[in-house]
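Reading the structure
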Amino acid sequence: MLLARLTQANGAPGQEDEVRDLIRAAIEPHVQIVKTDALGNLLAIKNPDAPGPKVMLAAHMDEVALMVVGIDGDGYLKFRPIGGVDPRVLVAKTVVVGRKKVPGVIGSKPIHLQRPEEREKAFTIREMVIDIGAKNREEAEKLVQLGEIAYFTTEYEELGENRVKAKALDDRVGCALLIRLLQEEVSFPLIAAFTVQEEVGLRGAGVAAYQVEPDLALVLEGTTASDVPGTDDHKQATALGEGPAISVMDRSVIPNPELVQELLALAAEKGIKVQVRRSTAGGTDAGQIQLSRAGVKVAVISVPCRYIHSPAAVMCKDDFEGAYQLVKHYLARLEERAGLS
Amino acid sequence: MDVKDVFRSLSEAPGVSGYEFGLLELIKQGCPWADEARTDKLGNLILLKRGQGPEPRPKVMLAAHMDEIGLIITKIEKEGFLRFSTVGGFDQRVLLAQEVVIHGRKGTLTGIIGAKPPHIQAPGEQGKAVKMEDLFIDAGFASAEEAKRQVRVGDLVTLKRRVSQLAGSFLSGKAFDDRAGVAAILECFQVLSTVTHQADVYGVATVQEEVGLRGAVTSTYGIVPDIGIAIDVGFGDSPGLSEEETIKLSKGPGIAIGPHVHPKLHARMVETAKEWNISYSLDPSPYPGGTDAYAMQVARSGVATILLSIPLRYMHTPVETLDYRDIQATGRLMAMFIAGLDHEFVEGLTCF
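Here is what the cut-offs are and how they apply
- Residues numbered from 1 in each chain as written.
- Chains lettered and ligands numbered in written order.
- Predicted model: local features only at pLDDT ≥ 70, side-chain atom pairs only at ≥ 80, totals over all residues.
- Helix = DSSP H or I, 4+ residues; strand = E, 2+ residues; numbered from the N terminus.
- Rg over C-alpha atoms; globule rule 2.2 N^0.38 Å.
- Buried ≥ 20, exposed ≤ 12 C-beta atoms within 10 Å, placed from the backbone.
- Contact = placed C-beta atoms within 7 Å.
- Domains from an automatic or database assignment.
- Nonpolar A, V, L, I, M, F, W, Y, C, P; charged D, E, K, R; others polar.
- Core = buried A, V, L, I, M, F, W, Y, C linked by C-beta atoms within 7 Å.
- Pairing = 2+ DSSP bridges.
- Arc of directions from axis to C-beta.
- Axes fitted to C-alpha atoms, helices over the stretch in contact; angles between N-to-C directions.

Secondary structure summary: chain A contains eight helices and 17 strands in total. Computed over C-alpha atoms, the radius of gyration of chain A comes to 21 Å, within 12% of the 20 Å expected from 2.2 N^0.38 for 341 residues, which places it in the range of a compact globule. Once the C-alpha set of chain A is aligned to its principal axes, its extents read approximately 70 × 45 × 35 Å. With 341 residues in all, chain A has 56% of them scored as buried. Residue pairs at least 24 apart in sequence account for 76% of intrachain contacts in chain A once pairs closer than 6 positions are excluded.

Shown next, in the form of structure tokens:
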């Protein structure tokens, strides 16, 4: 299954190669042009010379990860996160490090040797190390170089009746949606941008939009779902099973209000369950795309994911399917409106 | 039979305290060198390898616990999330974002230990550990009804972790505490099958150590050994721990010295290690307790006991890490120690 392969591929910001290669192979039969740019964005273009609105769909390929920044005398690896990672989720996890995919573990002090008050304090990144079983610095350096990346090792797995557990659902769900949507037959120019470096400041999206010059852009994301115990209803940004989330505002963008209303109306008309994202926190590639050149109308459609930016996130397959249906119908609507069909 | 493979399977198999039965077949099949295998009423697995000496033969009991720490379901929330309590000692900080296996009524299910997301936590909360009572298991259920079809209160949960092969002979995984000790017993039996020994050797995979050394109490009573050797894991050298509270990995077992170690056994074990060129560390152990040696020592009219510790990093986490060669060294040391035993030495143990 494509989403399984996408989430199990590794792609830290700036090192999206594995993900890009998978996507390229999947989309090549369906588009006329596939190209990459200086940052590594992958652009797939259907109907480059056709008239009509130029529509950009975007999803980012990168995921949060850890970079090796030091190797100590005993052969332990020091690391820092690339992108937002709560250090507390790293304790007692397995990782693979670098190009050689060296297995490692992030250990912690045994409970027996802790003072009770220590257990109330979160471990900090500076206290943690990756143990690859190397005896000393020399042995470690044979396996790992500074600057290499450590990734979570979570396997894709289906849970419950219609849920999925995987790493990097943010934003491989978007990548998987884009790949599927590229198989739609449309007559207007449709450009899928698989962007790089979203997690370190939306670096790839602006560059991609500049090249595409879209009339309209839809960003497909995996977003925080907080429908979990201990969270008041009004603080739940999104909830699983309530359909794809449409953003009204976040830290990076105020999506075009007309477009938002149009998507909500379309969902109602087609009987697609959707939810409005109920948080203004977080940012997405839409923040950069809207500011491209003289400005672009954007909207953000997200698949809710619990525990994003941790080793394992959980999503609902119905929400994923809903996002696909909504965008598919929207593309059909654009087709009708342009008088192309 | 490669004991290392048996050890891997044991690590990955579930066996929370009191629920160790899934391990019995793995251990029995992993030990073709035993003459006999039986279980007692608490579920201890007792492997016997008879000695070649004239009867009555000295009896040596090797004890390593097979139970692991785990979780137990305490409540099914209305949204389908599962609340839990612990069986054995967990640091609450290692549980967040772990994958778990729920041993439910219709088979096993995968879940994730979650908490509310960081961005809706109050300022300052992120520097604090997420409290055990705020954690929950998300097994992908959409409602309590869906959950209750598969899970009941009281169902057990183990951490989900395969064994990782790290550099050299280092391995990492869950429940190495104390399946490493069980593997050392198997290694010992394998070596014993190649040498002559007078004593009868009872290799016991004990139950319920993590909740109070209970299996060792009944199995020692049943066996009535002359010598008890407990094999458990010891704190391996790792970041943040001082030298005096740890044993170095890759240097063989720690040979304990302290109130629960018979002085003559300690001396003989050290001599054996030197004679056979098996590396070891001295493991000063001022407080008795915490291992099966403590229970064995006071069984019936008292048993001469000793404790061997296999150095282990990150104890009681699902990334426990060790050097497999330390398990082999521990097995070999015990075997050579047993091969050197005779009646005279055993009788001397009661003479102070």
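Time to look at the domain arrangement of chain B. All names here are of chain B. As assigned here, chain B comprises domain 1 (3–68 + 174–348) and domain 2 (70–159). For domain 1 versus domain 2, the separation of C-alpha centres amounts to 33 Å. Each partner contributes to the interface: domain 1 provides eleven residues, whereas domain 2 provides 13 residues. In terms of residue class, the side of domain 1 that touches domain 2 is made up of five nonpolar, three polar and three charged.

The next thing to look at is the interface of chain B and chain A. If you look at the interface, chain B gives 54 residues, while chain A gives 53 residues. Secondary structure elements with two or more residues in the side of chain B that touches chain A: strand E7 (107–114), strand E8 (136–138), strand E10 (164–165) and strand E11 (170–173) of chain B. Considering each element in turn, the side of chain B that touches chain A owes the most residues, three residues, to E7 of chain B. Looking at the side of chain B that touches chain A residue by residue, the classes come out as 25 nonpolar, 18 polar and eleven charged.

This part is about the nonpolar core. By size, the foremost hydrophobic cluster in this structure holds 232 residues, and its most contacted members are Leu-77, Leu-178 and Met-315 of chain A together with Leu-62 of chain B. Take this core: its biggest share by element is eleven residues, from helix H4 (residues 176–192) of chain B. Ignoring sequence-local partners within four residues, the contact set of Met-315 of chain A consists of Arg-163, Val-164, Leu-169, Val-173, Leu-240, Val-303, Pro-304, Cys-305 and Phe-320 of chain A.

Once that is clear, we can look at the sheet that holds E11 of chain B. Residues and elements named next belong to chain B. Pairing is antiparallel in the open sheet, where three strands are placed in the order E10-E11-E17. Taken across any chain shown, the strands that pair with only one partner, and hence form the sheet edges, are E10 and strand E17 (320–323). Note: E11 against E17, four bridges, orientation antiparallel. Directly across from Gly-173, in E17, lies its bridge partner Glu-320.

What follows covers the environment of Met-1 of chain B. Residue and element names in this part refer to chain B. Along the polypeptide, Met-1 turns up in the segment before helix H1 (3–12). What makes Met-1 exposed here is the crowd of 12 C-beta atoms within 10 Å. Excluding residues within four positions of it along the chain, Met-1 makes contact with Gly-30 and Pro-32.

Now for helix H2 (residues 17–27) of chain A. All names here are of chain A. Among the residues of H2, Val-19, Arg-20, Leu-22, Ile-23, Ala-26 and Ile-27 are the ones counted as buried. Here the buried residues of H2 occupy an arc of 165 degrees about the axis, which is enough to place them on one side. The inward-facing, buried residues of H2 contact helix H1 (2–8), strand E1 (33–36), strand E2 (42–46), helix H4 (169–181) and strand E12 (190–195).

The amide bond that connects Asp-170 of chain A to the next residue, Asp-171 of chain A, takes the cis arrangement and shows omega of 10 degrees. Its place among the elements puts Asp-171 of chain A in helix H4. Looking along the chain, the bond that leaves Asp-177 of chain B and enters Asp-178 of chain B is cis, with omega of 5 degrees. If you trace the backbone, Asp-178 of chain B turns up in helix H4. Phi at Ala-175 of chain B takes a positive value of approximately 55 degrees, unusual for a residue other than glycine. In this fold, Ala-175 of chain B is placed in the loop between E11 and H4. Located in the positive-phi region is Asn-277 of chain B, a residue other than glycine, with phi close to 60 degrees. The residue Asn-277 of chain B is located in the loop between helix H6 (263–275) and strand E15 (281–284) in this model.

Residues and elements named next belong to chain B. Burial of strand E13 (residues 227–235) is extensive: nine of the nine residues sit out of reach of the surface. One ladder, built from four bridges, connects strand E3 (residues 59–65) with E13; its direction is parallel. Within E13, the residue paired with Val-60 across the bridge is Ile-227.

This part covers the domain arrangement of chain A. Residue and element names in this part refer to chain A. Partitioning chain A into structural domains gives domain 1 (2–63 + 167–337) and domain 2 (65–151). Spacing between the C-alpha centres of domain 1 and domain 2 amounts to 32 Å. Taken together, the contacts link ten residues of domain 1 with ten residues of domain 2. Here the residues of the side of domain 1 that touches domain 2 are counted per class, giving four nonpolar, four polar and two charged.

Right, let's talk about the pairing of strand E6 (residues 99–104) of chain B for a bit. Residue and element names in this part refer to chain B. In terms of strand pairing, E6 meets E7 through six bridges, oriented antiparallel. The residue of E7 that forms the bridge with His-103 is Thr-108. Note: E6 against strand E9 (residues 156–159), four bridges, orientation antiparallel. When the bridges of E9 are listed, Val-101 appears paired with Thr-158.

Turning our attention to the sheet that holds strand E16 (residues 304–312) of chain B. Residues and elements named next belong to chain B. Spatially, eight strands are ordered E1-E2-E12-E3-E13-E16-E14-E15 in an open sheet, and the strand pairing comes out mixed. Every other strand in the sheet has two partners, leaving strand E1 (36–39) and E15 as the edge strands with one partner each. Ignoring which end each strand starts from, the neighbouring axes of this sheet average 25 degrees apart. Sheet strands in contact with helix H8 (residues 324–339) are E3, strand E12 (200–206), E13 and E16, and its direction is about 160 degrees off that of E16.

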